[in-house]
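# A closer look at the structure
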Amino acid sequence: MSTTPVDLTQRLRDRVAVVTGGASGIGLASARRLAAEGARVVVADLDPETGGAAAEEVGGTFVAVDVSDREQVDALFDSVAASHGAVDIAFNNAGISPPEDDLIESTDLDAWDRVQLVNLTSVYLCCRAALRHMAPQQRGSIINTASFVAVMGSATSQISYTASKGGVLAMSRELGVQYARQGIRVNALCPGPVNTPLLQELFAKDPERAARRLVHVPVGRFAEPEELAAAVAFLASDDASFITASSFLVDGGIHAAYVTPL
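Everything numeric in this text was worked out from a predicted model, so none of it was measured.

### Digging into the environment of Phe91
Within the secondary structure, Phe91 sits in strand S4 (residues 89-92). Given a relative accessible area of 0%, Phe91 falls into the buried group. Separated by 32 residues in sequence, Phe91 and Val123 place their C-alpha atoms 9.6 Å apart. For Phe91, the residues in contact, after removing those within four places along its chain, are Val18, Val19, Thr20, Ile26, Gly27, Ser30, Ile143, Thr145, Leu189 and Val232.

### Regarding the pattern of salt bridges
Between side chains of opposite charge, a pair can form when the charged atoms approach closely. Counted by the stated rule, this structure contains nine salt bridges. Measuring nitrogen to oxygen at the nearest pair gives 2.8 Å for the salt bridge that ties Arg33 to Glu37. This pair shows no difference in class: Arg33 is buried, exactly as Glu37 is. Between Asp88 and Arg139 there is a salt bridge whose closest N-O contact spans 3.1 Å. On the criterion of sequence distance, the pair formed by Asp88 in the loop between helix H3 (70-84) and S4 and Arg139 in the loop between helix H4 (109-137) and strand S5 (140-145) is long-range, its members being 51 residues apart.

### Concerning the pairing of strand S3 (residues 61-64)
In this structure, strand S2 (residues 40-45) lies alongside S3, joined through four bridges in parallel fashion. Residue Val42 lies in a different strand from S3, and its bridge partner there is Thr61. Regarding topology, helix H2 (residues 48-57) serves as the crossover connection from S2 to the parallel S3, and that connection is right-handed.

### Remarks on the packing of aromatic side chains
Counted by the stated rule, this structure contains one aromatic pair. Geometrically, the ring pair formed by Phe234 and Phe248 is tilted, given 5.9 Å between the ring centres and 40° between the ring planes. Residue Phe234 is found in helix H8 (residues 225-236), and its partner Phe248 is found in strand S7 (residues 247-250); the two are separated by 14 residues along the sequence. Note on Phe234: relative accessible area 24%, which makes it partly exposed.

### Structural notes on the packing of H3 against H4
The description of two helices packed together rests on the angle between their axes and the distance between the axes. Between H3 and H4, the shortest axis-to-axis distance is 9 Å and the interhelical angle comes to 30°. Judged by the angle between their axes, H3 and H4 are roughly parallel. When you trace H3 past H4, the crossing you get is right-handed. Facing Arg70, Val73, Asp74, Phe77, Asp78 and Ala81 of H3, the residues of H4 in contact are Leu125, Cys126, Arg128, Ala129, Ala130, Arg132 and His133. A class-by-class count of the residues in the contact of H3 with H4 yields seven nonpolar, one polar and five charged.

### Describing the pairing of strand S1 (residues 16-20)
The two faces of the sheet receive side chains in turn, since in a regular strand these alternate between them. For S1, the buried fraction is high: five of the five residues fall into the buried class. Neither face of S1 is exposed, since Val16, Val18 and Thr20 on one face and Ala17 and Val19 on the opposite face are all buried. Bridging between S1 and S2 involves five bridges; their strand directions are parallel. Note on S2: the bridge partner recorded for Val18 is Val42. Judged from the three bridges that link them, S1 and S4 form a sheet pairing that is parallel.

What counts, and at which threshold
Residues numbered from 1 in each chain as written. Predicted model: local features only at pLDDT ≥ 70, side-chain atom pairs only at ≥ 80, totals over all residues. Heavy atoms only, no water. Helix = DSSP H or I, 4+ residues; strand = E, 2+ residues; numbered from the N terminus. Buried < 20%, exposed > 50% of the residue type's maximum accessible area, 1.4 Å probe, protein only. Contact = heavy atoms within 4.5 Å. Salt bridge = Lys/Arg side-chain N within 4 Å of Asp/Glu carboxyl O. Pairing = 2+ DSSP bridges. Right-handed = clockwise from strand over helix to strand, strands pointing away. Phe/Tyr/Trp six-rings, centres within 6.5 Å; stacked < 30°, edge-to-face > 60°. Axes fitted to C-alpha atoms, helices over the stretch in contact; angles between N-to-C directions. Parallel < 35°, antiparallel > 145°, perpendicular 65-115°, else oblique. Left-handed = near helix turned anticlockwise from the far one by under 90°. Nonpolar A, V, L, I, M, F, W, Y, C, P; charged D, E, K, R; others polar.

Laid out in structure tokens, this is it:
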């Protein structure tokens, strides 16, 4: 199946988009899609080599940032507003899923804290920093990466990851309600399993555990990053002007399935 965008509009022309975790996976695909639709993209990532390459590819700029550090996050959004004149789109996408985060009885507090810091606290910091610029503008779109595990239980648990994504979803819903009348939309993107380096690593390390996930997808395959990027571009655009505080599921039908087709 082709996931290459066809006949793209310029519905994001000249809008300024910040993409955290933009050097790979969903973030990179989204940076490409946002740029293709006319946005001026700022790629924010820890890795200057891959992040810089991503920014160069999309004709954007790169900012090295640790999204769990408040000062660095504030500096990211302040510098974007100063250099580009606005912050129109914030795709807060950076996250981790380390192998130390597993079943609750085997996940130590250090692993729990690290995942919460990167996956949830960083989204709080990014939303807070973005809103400081969006509120005076009276416009903006914030898209926070949650997960389908935020809306249903998983027998193959990553306990801190699941809890962090539930927090992202709840926070996004609340912010979407609070800022709706200021022209700012906040939505939680809830992907199903996506064919990214993170998932490929899981297959390599634990094929049985990974294969258990695929059997529950009604569509019968994992998503491609470009399919999530299309949803990000939609939520960022005026085509989604009446969508806020939503749990935007792009999961191949997982959340709705009792059994899947043979």
